[in-house]
Amino acid sequence: PTETFTCYGGLTVGNKTIHCDNNKDHGDVNITEILQHSCNIGAARIGQRLGGADLRMMLERFGICEHLNLKVTSPERMEYYQFGKFNKRSPKGSLTSSDLPRVSFGHSVVMTPIHLALAYGAIANGGALMEPRIVSKIRTADGKETIFPPKKVKDVIRPEVCTQVIGMLRKVVSEGTGRKTAFPFYQVAGKTGTARKYDKNGPARYTSSFIGFVPAGSDGKPRAVILVMVDEPTQGNLFHGGDVAGPAF
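Keep in mind that what you see is a predicted model, and the values were worked out from it rather than measured.

### Observations concerning unusual backbone geometry
Here Val214 and Pro215 are connected by a cis peptide whose omega angle stands at -15°. Note on placement: Pro215 falls in the loop between β12 (206–214) and β13 (224–231). Of note in this structure, Asn69 is not a glycine but carries a positive phi near 50°. Looking at where Asn69 falls in the secondary structure, it is placed in the loop between α3 (52–61) and β5 (85–86).

### Some thoughts on the nonpolar core
By size, the foremost hydrophobic cluster in this structure holds 19 residues, and its most contacted members are Phe62, Ile123, Val156, Ile157, Ile166, Ala189 and Phe213. When residues of this core are traced back to their parent elements, those giving at least two are α5 (113–124), α6 (159–175) and β12. In terms of residue count, α5 provides more of this core than any other element does, 6 residues in total. Apart from residues lying up to four places away in sequence, Val156 is in contact with Met58, Arg61, Phe62, Ala122, Gly127 and Leu129. Residues Cys20, Val29, Ala43 and Ala44 belong to the second largest nonpolar core, which totals 13 residues.

### Topic: the sheet that holds β12
On the basis of which strands lie adjacent, the open sheet formed by 3 strands has the order β11-β12-β13 and antiparallel pairing. The sheet terminates laterally at β11 (189–196) and β13, the two strands that pair on one side only. With direction set aside, neighbouring strand axes in the sheet form an average angle of 10°. Looking at chain direction, β11 and β12 are connected through 8 bridges and run antiparallel. What sits directly across from Gly190, in β12, is Gly212. Helix-sheet contacts for α6 involve β11 and β12, and the interaxial angle to β11 is about 65°.

### Let's talk about the environment of Lys71
Looking at the element boundaries, Lys71 is found in the loop between α3 and β5. When its relative accessible area of 63% is taken as the criterion, Lys71 is described as exposed. Residues Lys71 and Ala204, spaced 133 residues apart in sequence, show a C-alpha to C-alpha distance of 36 Å.

### So, the environment of Gly51
Here Gly51 shows up in the loop between α2 (40–50) and α3. The class for Gly51 is buried, based on a relative accessible area of 19%. Along the chain, Gly51 and Leu95 lie 44 residues apart, while their C-alpha atoms are 8.1 Å from each other.

### Examining the packing of α5 against α6
At a minimum axis distance of 9 Å, the contact between α5 and α6 shows a crossing angle of 115°. Viewed along their axes, α5 and α6 adopt a mutual orientation that is roughly perpendicular. Facing Tyr120, Ala122 and Ile123 of α5, the residues of α6 in contact are Cys162, Val165, Ile166 and Leu169. When grouped by side-chain class, the residues that make up the contact of α5 with α6 number 7 nonpolar, no polar and no charged.

### Examining α3
Looking at α3, one finds that the buried residues are Gly52, Leu55 and Arg56. Here the buried residues of α3 occupy an arc of 95° about the axis, which is enough to place them on one side. On the buried face of α3, the contacting elements are α2, β5 and α4 (99–104). Two residues or fewer after α3 comes Gly63, characterised by a positive phi angle close to 85°.

### Concerning the packing of aromatic side chains
Within the structure shown, the criterion is met by 3 aromatic pairs. For the ring pair Tyr206 and Phe239, a centre distance of 4.1 Å and an interplane angle of 15° mean the geometry is stacked. With Tyr206 in strand β12 and Phe239 in the loop between β13 and α7 (241–244), the pair connects residues that are 33 residues apart, well separated along the chain. Residue Tyr206 is classed as buried on the basis of its relative accessible area of 16%.

### Overview of the pattern of salt bridges
Overall, the coordinates contain 13 salt bridges when judged by the stated rule. Taking the shortest distance from any N to any O, the salt bridge between Lys152 and Asp155 comes out at 3.1 Å. The partly exposed category is assigned to Lys152, whose relative accessible area is 49%. For Asp231, the salt bridge goes to Lys197, with nearest N and O atoms at 2.7 Å. With Asp231 in strand β13 and Lys197 in the loop between β11 and β12, this residue pair connects regions lying 34 residues apart in the sequence. Given a relative accessible area of 51%, Asp231 falls into the exposed group. Ionic contacts of the salt-bridge type, sharing partners, join the residues Lys197, Asp199, Arg205, Asp231 and Glu232 into one network.

Rules behind the numbers
- Residues numbered from 1 in each chain as written.
- Predicted model: local features only at pLDDT ≥ 70, side-chain atom pairs only at ≥ 80, totals over all residues.
- Heavy atoms only, no water.
- Helix = DSSP H or I, 4+ residues; strand = E, 2+ residues; numbered from the N terminus.
- Core = buried A, V, L, I, M, F, W, Y, C linked by side-chain atoms within 4.5 Å.
- Buried < 20%, exposed > 50% of the residue type's maximum accessible area, 1.4 Å probe, protein only.
- Contact = heavy atoms within 4.5 Å.
- Pairing = 2+ DSSP bridges.
- Axes fitted to C-alpha atoms, helices over the stretch in contact; angles between N-to-C directions.
- Parallel < 35°, antiparallel > 145°, perpendicular 65-115°, else oblique.
- Nonpolar A, V, L, I, M, F, W, Y, C, P; charged D, E, K, R; others polar.
- Arc of directions from axis to C-beta.
- Phe/Tyr/Trp six-rings, centres within 6.5 Å; stacked < 30°, edge-to-face > 60°.
- Salt bridge = Lys/Arg side-chain N within 4 Å of Asp/Glu carboxyl O.

Pasting the structure below:
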């Protein structure tokens, strides 16, 4: 956690350069600081160190490519949106050298909000990835109940790693891009998200989000994961996840 990675504000991958927000140069940053400041370049360098096969395997362990199987009636086309997916150019089992750094900070990969909430739930649960539920129970008019109990799918990371990550996510809220989500009665652990939509020629459009869980103190068990996502915010010049979705969280 204390190892540092150098961010000069940009990183050339192939014939293109990826940037941090406003080309900001974060300098030497450790993993906590990379999360605190949403440092794209620091995250990309971590991904390059891991390699495409290991990074993809880790994300898939969190279930982002699994069918959600929500057991809800929906139009046939909706089934397509119950999967996460990587860029088509990345081979199965790995990532291309151009996709790898981008996936590391959240581009070139698509997942549903429920996939993302499940992943954060696993961190809050000490590593246990749960099966998603829309309905916890059904009660008929005569009082009979059908209960759908919580089901663990698998353990994805060790509890001690979760504890480390939760500490880092608390720093995002107390000292980083998520400061607008802090409030006096609970400790919050979470992360801002600002994703520019892919459009070569059109104006810049964003999906802005904040996801976190409460309470996130070292002596308590988290009770709720909350994800706030705003599609194409238009309030003045505000579009960063911490500014747009953070206060709603």
